[in-house]
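# Report on the structure
Chain residues, written in single-letter form:
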Amino acid sequence: MVGSEDISVPKDIDLMALPQLCFPGGLRVTNKQEDEQFHFLVFTDVFGNKTHGVVMQCYRPILEGTSVFQNRAGSSKFSKLFSAYSICVISKYPYFTALKDCLSCLLIQLRSCRLSDLEERVREFAAKLALVPIPPPGTLHLMFTLRPLTIVLPSREDKDHVAIDLDLHLPFLCFRPQQLLQVMSCLLQEQQVVLFSADWARLTLVGESLLLFLQPLSWQQPYVPVLARSMLDFLMAPTAFLMGCHLSHFQEVADEIDDLILINIDNGSVSTSHFETLGLPEIPQAAAECFIQRCQSLQIHFDLHQCNSTSCTDISEQRAMRRAWQHNLNHDIQRFTLELIVNIFRDVGSHLNYEHRVFNSEEFLKSREPSEQLFYKKVLETHIFHSFLKDRLNRKMDDFARMELSTRSEMKKMKALVEVPRRPTMQEIQARRKSSFTERHLSKRLGMSLPNLQDDQTISFQKNTLPNRIVMSETALRTPPKPVKVFKLPDFPASLSFHSIQSYYSELIQLLGKTIFSAQNENPSLLARFYYLRGFINTLCSRRLDALSDFQNLYKTDTAIFPTQLVTWLVDSLHRDERHQADRRPELKRLILRVKTENQKQSVQPDDHVKEFKLPRKNLHQEEFVRCVQECGIIKDTATIHRLFDALSNGQPKHVDHELFKHFYTFWKDMEAESQDVNLPSEVIDYLGCSECVYKLSSCVKTSHGVGKIAMTQKRLFLLTEGKPGFLEITNFRDTQEVKISTAPVLLVRIPSLRIQTSSRPEVFEANLKAEAELWNLVVKEMWAGRKMADQHKDPHYMTQALTNVLLMDAVVRCLQTQRPVIAASKLAYLDQIKHDVPMMVSKTTSETLKHKINPSLGLAEPQTVHVLLYTPGQLTNDDSKGGMNPKLWVALSGGKLVVFDAASWSMLEDCIEVGQSQLNCMLGMEGQVWIGSQDSVIYIIDTHSMSCNKQLTEHRHEVTGLTTENGAQHNSQQTYSCSSDGTILQWEAASLKVKRHLHLSCDFLSSIQIYGGTLWCSR
């Protein structure tokens, strides 16, 4: 079958071993003609590239001159001995079902041909398969007829996926969900896994299915799904592997080789060498239970599905119905297994530092349940997980990232908007209370000293119970498969001469041309597949200019499938007369210029390293200190880290001792752990807001309202009273009027106390905080200043900054061994110091109307310039599942980066969409699209549903500076205009993305355009 790559046999395939793999049980001679059998092969080269084979094993009489297949009743008349022979089709693409169908069609011909004609029939068969192109990634499948069957080649979902042409439910027929989870656990931990079956075909089909279940994790170890009898020594390899053997070798392998995971496909058992049960840690319970529940809903029997349907009298119709059912079932299985992977690794992203490419595995393991830590410890050491980490650090938007984002809770989305250290919210505490209702216990850290809290009044929870028990939304999980379009290829020519083949391709090009013409107003993504296919066939026919023209159209339909290497080869291979013709066609001239420009750029290899966080072993100067703090995930803001550096160095030479940093880091993590164990009365949880978190808790002290503990959230201070359990709100930071340190008489001494005056209560609240008084004075004043500045500037991130400063002060005081650590900590009370010095950044009128501020640079070490803003309207709901209709705010940052916010909840939907590499100048919202004009002269088009940028308009020669549109009165047409700095104005037909009109203004710099009332206004 023809693909865009070389169709020769790959160099790394050992054809010397092919005969053994075609006869894995050995070459047999029998006294009767046995039924034909199929099995499947997978070859993997040293770079991990796979090549696939489908083998048909047949039997023929040994005597010469007889027909290959005689009537079985009279075959003994010629010979009583039959010898096996095999035909193997090798392909770079895993078309197991399609190639099996093709070989089945060939078998019908071989049964009626003479032995002398066999080789010629096979050659004709191979030549016909070589005429079949491979469908491009997407939703276009190809169909061809190889009599008597009609065969379909499914396409890959996208460039990152392989084509799926097998029944993914086969493992569910062989194993119960619990055993299937055991097998996947073994693969995730990269064990030495051996599949066994008495049917050679099952080995590869089940092995391929299992590896597909792991996606987007990619198996990195040796993979040989079929081992011939003479290859059993492969099982003694010292590395992890996945291999397959015939069931007859089970006992021999189990006795001879230790530490193997033995999987019997035929009876669904999983065991180890010398042991009946596995000793490996299992997949986390919550993720496993969710997967088992999903498996129970699968309908894996086609006959049951067809019980109430009419019987098909046409084999083609029956096969089409079976394909459609299998396509839907495969889609469901992939979503369920993807959900399993997301549930297992959802929290990995919370422990990544993207700027320094660091994964803090130690903190990730601490965040897991104790019963799950051994599983994660083993997985984190594997190559398969290391490759997965690279994709996460590269911010790869694959199926895992999309599902994790779409199923992220609203609370987690909101918490992602503010860079505050992790603390459980009241909503999470309530959820954990329900999940651990029968396991209530008092905390051993903060809860033990709470005054007389009874079991029926206390909410206790174990750390990280909620994240591991996330249940996916049915809406996100039950996404239907994309509708598939099947394109039928012309019938194969009767003769396979050069002229006949050229005529076949010409007919195919004409058929594609008619299809493209009739599909102009249909789905642009589907249209792109037809352009791609025709461009590829034109390339085969040496119609290079026509091929380039087809590939040029991909810019307006779907750039995701643009074949860069093939187009580069076409441009380089143009003859002189073809180059002159291309120069006279503007669209080809632009394409050739673009290809040459791209090739002249120095290719920057992506940074694929992954760094494990380690505490420093030498003293840290400021630059090293900044990097180390960012790597360990404490904070990212450089200015705040500089103030922390000053606090920890505290008058010493400008460095921080590495032991001191270790103590600081330990105290910081201890504070996080303590916050996970906090216990609060039920009435407190019900009173506080769902998003509130307890960030600081004092020791038990005497106050003007009795004895108790002072607790601080991001909104208020409150007192947990001793004796009769209860609470008292001390102050809301917004209502605070005065905070100061005083002294209170206790017997013959006066001890430091904290006095707080609030507008909500006439009397002053006083707490005898003793040694804690100075720190609490700093803490309350900083939170008060943060609240005041947040209200004044309408910017909630001042409150975020105050919280971060308070937690840093707390950790600094704990780790410093000086007499007055509060003096050093006071250097972090930044907002209290500048609250009177920060001017309003906007006018009074703007300040009065301003409702909310967001920070699109959140999570970045340095703030980014906002170049363009665009608001796209929608429904003001928090449910974005119904067609993605929430209003959105599009923010263009430096370097072609685009950030998208949900304008209903102000949560971040997309943290980094790459739109070229140049500055973005303008944006325009269309129905289902956003057009973006860039300094690189390209108009990028983003699909608002998939959030992908797969279309480009390249007609401008200079930077695009303006976009505008107006709905026409006639035929509901939409008039869209774009302009560039050289004075060029283009009018576009929005549906077809074709230029309808070209205008030019004589000016030095055309900066923007706007259409109003049928008049186009231009500004320079």
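Residues numbered from 1 in each chain as written. Predicted model: local features only at pLDDT ≥ 70, side-chain atom pairs only at ≥ 80, totals over all residues. Heavy atoms only, no water.

## A look at the packing of aromatic side chains
The final tally for this structure, using the stated rule, is 27 aromatic pairs. The interplanar angle of 80° and the centroid separation of 5.5 Å between the aromatic rings of Phe40 and Phe96 together place this pair among those described as edge-to-face. Placement of Phe40 in strand β2 (residues 37-44) and of Phe96 in helix α2 (residues 96-111) is noted, with a sequence separation of 56 residues between them. For the pair Phe40 and Phe96, a shared accessibility class is recorded, and that class is buried. The interplanar angle of 35° and the centroid separation of 6.3 Å between the aromatic rings of Tyr93 and Tyr95 together place this pair among those described as tilted. (Phe/Tyr/Trp six-rings, centres within 6.5 Å; stacked < 30°, edge-to-face > 60°. Helix = DSSP H or I, 4+ residues; strand = E, 2+ residues; numbered from the N terminus. Buried < 20%, exposed > 50% of the residue type's maximum accessible area, 1.4 Å probe, protein only.)

## Focus on the confidence of the model for the protein chain
Here the protein chain averages 84 in pLDDT, and 86% of its residues register 70 or above. Of all helices and strands in the protein chain, the one with the weakest mean pLDDT is strand β14 (residues 458-459) (32), whereas helix α6 (residues 200-213) scores best (97). For the stretch residues 70-78, pLDDT sits under 50, and the model shows nine contacts to residues farther than four places along the chain or on other chains. (pLDDT = per-residue confidence, 0-100. Contact = heavy atoms within 4.5 Å.)

## Notes on the pattern of salt bridges
What the rule picks out here adds up to 38 salt bridges. Of the charged contacts in the structure, one is a salt bridge between Arg585 and Glu587, with a shortest N-O distance of 3.5 Å. Relative accessible area serves as the criterion here: at 26%, Arg585 is assigned to the partly exposed category. When salt bridges that share partners are traced, they join Glu362, Glu363, Lys366, Lys669 and Glu672 into one network. (Salt bridge = Lys/Arg side-chain N within 4 Å of Asp/Glu carboxyl O.)

## What about the packing of helix α20 (residues 544-552) against helix α24 (residues 586-600)?
The N-to-C vectors of α20 and α24 enclose an angle of 80°; their axes lie 10 Å apart at closest approach. The orientation of α20 with respect to α24, classified from their angle, is roughly perpendicular. Judged by residue contacts, Leu545, Leu548, Ser549 and Gln552 of α20 engage Glu587, Leu588 and Leu591 from α24. (Axes fitted to C-alpha atoms, helices over the stretch in contact; angles between N-to-C directions. Parallel < 35°, antiparallel > 145°, perpendicular 65-115°, else oblique.)

## Remarks on the sheet that holds strand β32 (residues 939-943)
The antiparallel open sheet is built from four strands, whose spatial order is β30-β31-β32-β33. Edge positions in the sheet fall to β30 (920-926) and β33 (948-953), since each of these pairs with one other strand and no more. For this sheet the average axis-to-axis angle between neighbouring strands, irrespective of direction, equals 25°. The sheet contact formed by β30 and strand β31 (residues 929-934) spans six bridges and is antiparallel. Paired with Gly925 across the bridge in β31 is Val930. (Pairing = 2+ DSSP bridges.)

## A closer look at the nonpolar core
One finds Phe144, Leu235 and Phe345 to be the most contacted residues of the largest nonpolar core, which totals 171 residues. Element by element, the count of residues in this core is highest for helix α10 (residues 315-345), at ten residues. (Core = buried A, V, L, I, M, F, W, Y, C linked by side-chain atoms within 4.5 Å.)

## Brief notes about the pairing of strand β5 (residues 140-146)
In terms of burial, β5 is largely enclosed, as seven of its seven residues are buried. Because side chains alternate across β5, one face comprises the buried residues Leu140, Leu142, Phe144 and Leu146, and the other comprises His141, Met143 and Thr145, equally buried. Inspection of the sheet shows β5 paired to strand β15 (residues 485-488) by four bridges, in the parallel sense. From the neighbouring strand, His141 faces β15, where its bridge partner is Val486. Judged from the five bridges that link them, β5 and strand β6 (residues 149-153) form a sheet pairing that is antiparallel. Counted as the bridge partner of Met143 is Val152 from β6. Counting the residues between successive antiparallel strands, the hairpin from β5 to β6 contains two residues.

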